[in-house]
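Listed below, chain by chain, are the residues.
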Amino acid sequence: MWLPQLDLMRVISAKSQGYSIATQITGPTTVNGLERGSLTVQCVYRSGWETYLKWWCRGAIWYDCKILVKTTGSEQEVKRDRVSIKDNQKNRTFTVTMEDLMKTDADTYWCGIEKTGNDLGVTVQVTIDPAPTPAPTTPTSTTFTAPVTQEETSSSPTLTGHHLDNRHKLLKLSVLLPLIFTILLLLSVATSLLAWRMMKRQQKGTAAPGGPLLCRPDPAAGRNLPAKGYHEAFLCPG
């Protein structure tokens, strides 16, 4: 792909509204892009070239530039690596998009139309600006501590090991004291019941079983009593 002397003479180096002017195709003189960003180049062609193949080429020397992407003669978008091209035949424009830009992408490029003989082309200068460096941010963490008043401090003392040990002893006493009291009460009741039973047995032993006490006359007492009108004296056991 080379441009003969006649075509070179037809390329006008003057600028009009920011575009480089050629005979059948025009494009922007320069395009700026941001590193790690993307840029878009739109080239315009005249009527009659709608179905011709359009391409995007890199390199300052016309006959030695490298075609990066090319249309298929339709309006279907074609993408290769980070570069894509799409032809709009109704508006007679084709658009080139470069993505994920790097500093090394800065160079001279060409918008071109492939045809029999010599291709048509116009140069586009692409510059890449460095991406802004974000200011380093130091991560901050916010910790909220609820204020502790003097009242809360005095009414809610910290439980140390000594306090916990005292609480453990008090818990033991609260369980043992009722148990000891219950045992003593049972022993007292049992002792009282045993004493009562012994007293009942003694009372039963002094009385004849099944009836009143039996007494016998006392002969010694009868001797000392008068002959008439006396009562006999009786001796009763116990």
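All values reported here derive from a predicted model rather than from experimental measurement. (Residues numbered from 1 in each chain as written. Predicted model: local features only at pLDDT ≥ 70, side-chain atom pairs only at ≥ 80, totals over all residues. Heavy atoms only, no water.)

1. A look at the overall build of the protein
The number of helices and strands found in the protein is four helices and 14 strands. Expressed as a percentage of the 238 residues in the protein, the buried residues total 23%. Long-range pairs, those at least 24 residues apart, make up 49% of the contacts in the protein between residues at least 6 apart in sequence. A total of about 17800 Å² of accessible surface is found on the protein, and carbon and sulfur atoms cover 59% of it. (Helix = DSSP H or I, 4+ residues; strand = E, 2+ residues; numbered from the N terminus. Buried < 20%, exposed > 50% of the residue type's maximum accessible area, 1.4 Å probe, protein only. Contact = heavy atoms within 4.5 Å. Areas by Shrake-Rupley, 256 points an atom, 1.4 Å probe, with all protein chains shown as cover.)

2. Here we look at the nonpolar core
Counting 24 residues, the largest nonpolar core has Ile25, Leu39, Val41, Trp56, Phe94 and Cys111 as its most contacted members. Secondary structure elements with two or more residues in this core: strand E5 (39–45), strand E7 (66–70), strand E9 (83–88), strand E10 (93–98), strand E11 (107–113) and strand E12 (120–129). Ranked by the residues each element gives to this core, the list is headed by E12, at five residues. Judged by nonpolar contacts, the second largest core, of five residues, contains Cys57, Trp62, Cys65 and Trp110. (Core = buried A, V, L, I, M, F, W, Y, C linked by side-chain atoms within 4.5 Å.)

3. Observations regarding the state of the cysteines
Across all of its chains, the model carries two disulfides by this definition. Paired through a disulfide, Cys57 and Cys65 show a sulfur-sulfur distance of 1.9 Å. As the torsion about the S-S bond is roughly 120°, the Cys57-Cys65 disulfide counts as right-handed. Residue Cys57 shares its accessibility class with Cys65, and that shared class is buried. (Disulfide = S-S within 2.5 Å.)

4. A closer look at the sheet that holds E12
Reading across the sheet, the five strands line up as E4-E12-E11-E6-E7 and stay open at both edges, with mixed pairing between neighbours. With partners counted over all chains shown, the strands left at the sheet margins are strand E4 (30–34) and E7, one partner each. The mean inter-strand angle of the sheet, taken between neighbouring strand axes irrespective of direction, is 30°. Judged from the five bridges that link them, strand E6 (residues 54–58) and E11 form a sheet pairing that is antiparallel. (Pairing = 2+ DSSP bridges. Axes fitted to C-alpha atoms, helices over the stretch in contact; angles between N-to-C directions.)

5. Looking at unusual backbone geometry
Phi at Arg36 is positive, roughly 70°, even though this residue is not glycine. In this fold, Arg36 is placed in the loop between E4 and E5. Taking the relative accessible area as the measure of exposure, Arg36 reaches 56% and is therefore exposed. With a phi angle near 55°, Arg92 is a residue other than glycine that sits in the positive phi range. One can find Arg92 in the loop between E9 and E10.

6. Looking at the confidence of the model for the protein
Per-residue confidence for the protein gives a mean pLDDT of 76, with 63% of residues at or over 70. Note on residues 1–21: pLDDT under 50 across the span, and 36 contacts to partners over four residues away in sequence or across chains. (pLDDT = per-residue confidence, 0-100.)

7. Some details on the side chain of Gln89
Among the secondary structure elements, Gln89 is positioned in the loop between E9 and E10. For Gln89, a relative accessible area of 18% translates into the label buried. Polar side-chain contacts of Gln89 include one of 3.2 Å to the backbone oxygen of Glu50. (Polar contact = N/O pair within 3.5 Å; in protein donor to acceptor, adjacent residues only side chain to side chain.)

8. Section: the UniProt feature "transmembrane region" (unreviewed entry) in the protein
In the UniProt entry, the feature "transmembrane region" (unreviewed entry) is given for residues 175–196. Taken end to end, residues 175–196 is 100% helix and 0% strand, and its first and last C-alpha atoms sit 33 Å apart. (UniProt positions renumbered as here; feature names shortened; annotations may be inferred.)

9. Things to note about a positive patch on the surface
Residues Arg197, Lys200, Arg201 and Lys204 make up a contiguous surface patch of positive charge. Here Arg197 is to be found in helix H3 (residues 161–206). (Patch = residues over 30% accessible without salt bridge, like charges linked within 9 Å, V, L, I, M, F, W, Y side chains within 5 Å. Salt bridge = Lys/Arg side-chain N within 4 Å of Asp/Glu carboxyl O. Lys, Arg positive; Asp, Glu negative; His and termini not counted. Charge placed at Lys NZ, Arg CZ, Asp CG, Glu CD.)

10. Here's the deal with the pairing of E5
Of the two faces of E5, only the one carrying Leu39, Val41, Cys43 and Tyr45 is buried; Thr40, Gln42 and Val44 on the other face are not. Here E5 pairs with E10 via six bridges, running antiparallel. The residue of E10 that forms the bridge with Leu39 is Met98.

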